[in-house]
Amino acid sequence: MSLDLDRNYWDVSQRGYKEDNKTSRFCETHPYIVNSHGIWEVTSYDPTGMSFWEYPLPNLEILMFSTFLIWRLLDFSCNKIGLRFPRLAYMMIAGVILGQTCHLSNKSWLHNIFFPDDKRPKVAETLGAFGFLLYWFLKGVTMDAGMPFRMGKKSAVLGLTTMIVPVICGSFVFRWRERRGIASLLRTEYRLILFLQSISAFTSVDTLLKDLKIKHSEFGRIALSGAMVTDMLAFVLTFFNAIYYEGYRGVMQTIGFCTFVALMIYVVRPSMYWVIKQTPEGRPVKDVYIYWILALAFASFHYFIKLLHLFGPAGSFVLGLTVPNGDPLGTTLVQKFESFNLGAILPLFGSLTTMQLDLLWLLKECRSFVRMKGQVYEVISFILLVNSTKFIASTIAAYSFKMPLRDSFALAFVFNNKGIFELAYYAFAVEIKTSLDIFTSVSMSQHMHEDICWLALSRSLSLIVLPFHRTWSSDRSTIISNDDKLRILNINVLKRAPCSVGIFIYRKPIVESHLAKYQSKICLIFNGGNDDIEALAIANRMRLTEKGTSLTIIRFIPKFAESDNQEWEQHQMVNLKENVSNIIGSNVKKNDDKVKYIDKAVSDGSETSKTLRAMANDYDLFIVGRSSGIGTEPTSGISEWTEFDELGPIGDLLASHEYPSRASVLVVQKQEYIHHTKSQKRLSKK
């Protein structure tokens, strides 16, 4: 992924970049310019001067102040009217308010502050993630590590019941849905939802009880002990799942975790007691020890997420457990960092996460929930089922230990509470599932296509996929972004690429495409020519790679008059299926029952357009060659109205604002530019 700065020389250098020796690209300079040069910058260099909020430090300060102001205002207002909610709820609502306000106008200064389009470093997101790491570490510090060994039978039974019963019931429901073919989620997605809804995370329960000011009551101690049991059980199930589904990698994860715990118990914890001994009574702990402990918390995070591929903050939490709570070490860490973290840094994590919420899409999907169908209905109904089972099991277990019925209900509500752990773990799981290797280049926009082409050449790539320069809202009513520099980049790559190129127009995925027995439907528009042949090869590769994929190949042929009946019959002799088989060989015969061939006779481009509009909602992906149908009757009339030449006439029609489809489009161009090395040139001369 290239990083397009889209600036002229002064504009780019002002942002902390300088030309390299070859003057072909900009490289990041250090130290990075973090603050504005003041009002003189805008008055002296307008329009190239930057606004003060475009610099990292002022932008971070605005974000911190905005989130703090809104969530504190919500907290104060709700407390005044007698409503008490966990603080995380206010932080998340603040993010939704900011996100929806900024999207009222994509060209407003407010949108530029919170959703910048210049790919600048995500300082606020990074700081928020650090706040979340620190939050987990401090939760471990404030927790008594000996609690699991002192909990009684009541806490153990409550913790086991409140997790095992919903896991069993949820597994049965998923298998029932899968057998009936009504499961639209993948198995991994069901396992993730079931895991997050079954556990009662200690950090979430602890935060809730603290916000409600009942943490140190008898009720609070029972709830925390039960939550600790579910956490321990969750660790065990996590590693059993890893070993069962991932084999050797799961075994190595388990060994790595056990090694880490042993190191914490036999090396780090004695070191903590040594630090306490070095601190005279009544004197503060030296700052150097505090810094070393924070460095260890950060290292533990990286050990979990980079080496073990587990939830990173859990490593910091385990380290926090090794810190002896109370004076002087544990108290010092909490006094130094907890208030500032909870008040200023952590709200960035809670708010920035929900700022990305597509509220309009969610409201539209809720209509499907009311009709008891669709993916939103499936997810919410499954969550409600698991939580209801958990609530009933928790209530019965608590009541069986002679707790008052009112307290049993309250305890069940506490165990069903979801907090910051579930939010962050879900984000972590999505990130792991969609992770890609990314190539980042910082160069002037007019040279960026050369970086892409040289990368493709050096790695012998067969296909470059580029994003379309224009994106729309989910309902296709407004243009979200229209990057002309990206369009120029795409055109230059099409001219110079040493391999085939695809321009991908992404739209929101169709919900039904995830059904367990549903075939992902691809439509290939094949009219002959080099680009269409390359598109055919890509479509066939996708069909053979993904078993649940069906392919429809449609060819537009001219409609002849009755007097030309002999010519029509001669044209029909070239059978579409035989034509495809001759091009890609025997591969087309594999899973041939999932390939459908259609010949559609049209007289001009208007009939082609009508045909494509009629099938707009029948497929998940359209693939077409860039030059498909150019110069033929099926594109006559629409070629003259093509807005984006890089897509070709049919690709431009499929990607247009008026085309009534949520299917994505891939426009393919076969390699045009051939790079000759010096040796090849010498051979050609001979």
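The rules behind the values
Residues numbered from 1 in each chain as written. Predicted model: local features only at pLDDT ≥ 70, side-chain atom pairs only at ≥ 80, totals over all residues. Heavy atoms only, no water. Helix = DSSP H or I, 4+ residues; strand = E, 2+ residues; numbered from the N terminus. Buried < 20%, exposed > 50% of the residue type's maximum accessible area, 1.4 Å probe, protein only. Contact = heavy atoms within 4.5 Å. Areas by Shrake-Rupley, 256 points an atom, 1.4 Å probe, with all protein chains shown as cover. pLDDT = per-residue confidence, 0-100. Axes fitted to C-alpha atoms, helices over the stretch in contact; angles between N-to-C directions. Parallel < 35°, antiparallel > 145°, perpendicular 65-115°, else oblique. Left-handed = near helix turned anticlockwise from the far one by under 90°. Nonpolar A, V, L, I, M, F, W, Y, C, P; charged D, E, K, R; others polar. Pairing = 2+ DSSP bridges. Salt bridge = Lys/Arg side-chain N within 4 Å of Asp/Glu carboxyl O. Expected span 1.5 Å × (residues − 1). Bend = angle between axes of the 7 residues up to and from the residue. Arc of directions from axis to C-beta. Core = buried A, V, L, I, M, F, W, Y, C linked by side-chain atoms within 4.5 Å. Patch = residues over 30% accessible without salt bridge, like charges linked within 9 Å, V, L, I, M, F, W, Y side chains within 5 Å. Phe/Tyr/Trp six-rings, centres within 6.5 Å; stacked < 30°, edge-to-face > 60°. Lys NZ or Arg CZ within 6 Å of the ring centre and 35° of its normal.

Remarks on the overall build of the protein
Now for step 1: Per the secondary structure count, the protein includes 27 helices and 13 strands.
Now for step 2: Each of the 686 residues in the protein was classed as buried or not, and the buried ones make up 45%.
Now for step 3: Within the protein, contacts between residues at least 6 apart in sequence are counted, and of these 74% link residues at least 24 apart.
Now for step 4: Just so you have it, the protein exposes about 36800 Å², and 60% of that area is on carbon and sulfur atoms.

Description of the confidence of the model for the protein
Low pLDDT means the predicted atomic positions in that stretch should not be read closely.
Now for step 1: Of the residues in the protein, 75% reach a pLDDT of 70 or more, and the chain-wide mean stands at 78.
Now for step 2: Here residues 1–12 scores under 50 on pLDDT; set against residues more than four positions off or in separate chains, the count is 36 contacts.

Some words on unusual backbone geometry
Now for step 1: Cis geometry is found at the peptide bond from Asp-327 to Pro-328, where omega equals -5°.
Now for step 2: Topologically, Pro-328 is positioned in the loop between helix H14 (312–322) and helix H15 (329–354).
Now for step 3: At Lys-213, a position not held by glycine, the phi torsion is positive, near 60°.
Now for step 4: With respect to the helices and strands, Lys-213 occurs in the loop between helix H10 (202–211) and helix H11 (218–246).
Now for step 5: Exposure remark for Lys-213: the relative accessible area of 71% places this residue in the exposed category.
Now for step 6: Even without glycine at this site, His-309 takes up a positive phi of about 60°.
Now for step 7: Residue placement: His-309 occurs in the loop between helix H13 (287–307) and H14.

Some remarks on the environment of Phe-421
Now for step 1: With respect to the helices, strands and loops of the structure, Phe-421 is situated in helix H19 (residues 420–433).
Now for step 2: The buried category is assigned to Phe-421, whose relative accessible area is 8%.
Now for step 3: Measuring from C-alpha to C-alpha, the distance between Phe-421 and Trp-136 comes to 9.0 Å, with 285 residues separating the pair along the chain.
Now for step 4: In contact with Phe-421, not counting residues within four places along its chain, are Trp-136, Leu-196, Ile-199, Ala-201, Thr-203, Ser-204 and Phe-311.

Focus on the environment of Phe-556
Now for step 1: By secondary structure assignment, the location of Phe-556 is in strand E10 (residues 549–558).
Now for step 2: Taking relative accessible area as the criterion, Phe-556 reaches 4% and is therefore assigned buried.
Now for step 3: It is 9.9 Å that separates the C-alpha atoms of Phe-556 and Asp-604, two residues lying 48 residues apart in sequence.
Now for step 4: Apart from residues no more than four positions distant in its own chain, Phe-556 is found in contact with Ile-525, Asn-527, Lys-600, Val-602, Thr-608, Thr-611, Leu-612 and Pro-634.

Quick look at the packing of helix H4 (residues 87–102) against H15
Packed helix pairs are characterised by how far apart their axes lie and by the angle those axes make with each other.
Now for step 1: In the contact formed by H4 and H15, the axes pass within 7 Å of each other and the chain directions differ by 55°. As the angle between them shows, H4 and H15 are arranged oblique. Handedness of the crossing formed by H4 with H15: right-handed. When H4 is examined against H15, the residues Leu-88, Met-91, Met-92, Ala-94, Gly-95 and Val-96 are found in contact with a partner set consisting of Leu-342, Leu-346, Pro-347, Gly-350, Ser-351 and Thr-354.
Now for step 2: Looking at the contact of H4 with H15, its residues break down into eight nonpolar, four polar and no charged.

Quick look at the sheet that holds strand E13 (residues 664–669)
Now for step 1: If you walk across this open sheet you meet the seven strands as E5-E8-E13-E12-E9-E10-E11, and the pairing is mixed. One side of each edge strand has no neighbouring strand; the edge strands of this open sheet are strand E5 (463–467) and strand E11 (595–602). On average, each strand axis in the sheet is inclined to that of its neighbour by 20°, with strand direction left out of account.
Now for step 2: With five bridges joining them, strand E12 (residues 621–625) and E13 adopt parallel strand pairing.

Section: the pairing of E5
Now for step 1: Burial along E5 is one-sided: the residues Ile-464 and Leu-466 are buried and none of Leu-463, Val-465 and Pro-467 is.
Now for step 2: Where E5 and strand E8 (residues 500–505) come together, five bridges link them in parallel fashion. Looking across to E8, one finds that Ile-464 is bridged to Val-501.

Thoughts on the pattern of salt bridges
Now for step 1: For the structure shown, the criterion picks out ten salt bridges.
Now for step 2: Close ionic contact of Lys-215 with Asp-206 constitutes a salt bridge, the shortest N to O distance being 3.0 Å.

Observations regarding H15
Now for step 1: Over its 26 residues, H15 extends 35 Å from the first C-alpha to the last, a length consistent with the 38 Å expected when each residue adds 1.5 Å.
Now for step 2: The largest bend along H15 reaches roughly 60° and is located at Asn-341.
Now for step 3: Counting buried positions along H15 yields 19 of 26 residues, so the element is predominantly enclosed.

Overview of helix H18 (residues 405–415)
Now for step 1: Within H18, burial applies to Ser-408, Leu-411, Ala-412, Val-414 and Phe-415. All buried residues of H18 project into a common sector of 160° when viewed along the axis, lining one side. The exposed set on the far side of H18, more than 90 degrees from its buried face, consists of Arg-406 and Phe-413.

Some thoughts on the nonpolar core
Now for step 1: Judged by nonpolar contacts, the single largest core of 65 residues is most densely connected at Phe-132, Phe-137, Phe-202, Leu-329, Leu-333 and Leu-411.
Now for step 2: Per element, the largest residue contribution to this core is nine residues, and it comes from H11.
Now for step 3: The contacts of Phe-137, once residues within four sequence positions are left out, are Ile-293, Leu-294, Ala-297, Ser-316, Leu-319, Gly-320, Val-323 and Leu-333.
Now for step 4: Counting residues in each nonpolar core, the second largest holds 38 residues, with Ile-452, Ala-497, Met-615 and Tyr-659 among its members.

A word on a nonpolar patch on the surface
Now for step 1: There is a patch of nonpolar side chains on the surface, built from Ile-243, Tyr-248, Val-251, Met-252 and Ile-255 and spanning about 470 Å² of accessible area.
Now for step 2: Here the nonpolar patch takes four residues from helix H12 (residues 248–277), the largest share from any one element.
Now for step 3: With respect to the helices and strands, Ile-243 occurs in helix H11.
Now for step 4: According to the relative accessible area criterion, Ile-243 is partly exposed, its value standing at 37%.

Comments concerning the packing of helix H3 (residues 56–80) against helix H6 (residues 123–142)
Now for step 1: Packing of H3 against H6 leaves a shortest axis separation of 9 Å and a crossing angle of 55°. Viewed along their axes, H3 and H6 adopt a mutual orientation that is oblique. For the crossing formed where H3 meets H6, the hand is right-handed. On the side of H3, the interface is formed by Pro-56, Leu-60, Leu-63 and Met-64, while H6 contributes Val-123, Ala-124 and Leu-127.

So, the side chain of Thr-552
Now for step 1: Residue position: Thr-552 is located in strand E10.
Now for step 2: Relative accessible area serves as the criterion here: at 8%, Thr-552 is assigned to the buried category.
Now for step 3: Apart from residues no more than four positions distant in its own chain, Thr-552 is found in contact with Ile-522, Cys-523, Leu-524, Lys-596, Ile-598 and Tyr-619.

Section: the packing of aromatic side chains
Given two aromatic rings, their pairing is described by the distance between the two centres and the angle made by the two planes.
Now for step 1: In this structure the tally under the stated criterion is 22 aromatic pairs.
Now for step 2: Plain terms: the ring middles of Phe-260 and Phe-304 are 5.1 Å apart, the flat faces sit at 75° to each other, and that makes the pair edge-to-face. Of the two residues, Phe-260 is situated in helix H12 and Phe-304 in helix H13; the sequence distance between them amounts to 44 residues. Judged on exposure class, the residue Phe-260 and its partner Phe-304 are both buried.
Now for step 3: Consider the rings of Phe-504 and Tyr-506, whose centres lie 6.3 Å apart with planes at 40°: the pair is tilted.
Now for step 4: Taking the relative accessible area as the measure of exposure, Phe-504 reaches 29% and is therefore partly exposed.
Now for step 5: Clustering of aromatic rings is evident, with ring pairs tying together Phe-132, Tyr-135, Trp-136, Phe-311, Phe-317 and Phe-349.
Now for step 6: Across the ring face of Trp-71, the terminal group of Arg-72 is positioned such that the distance to the ring centre comes to 5.2 Å.

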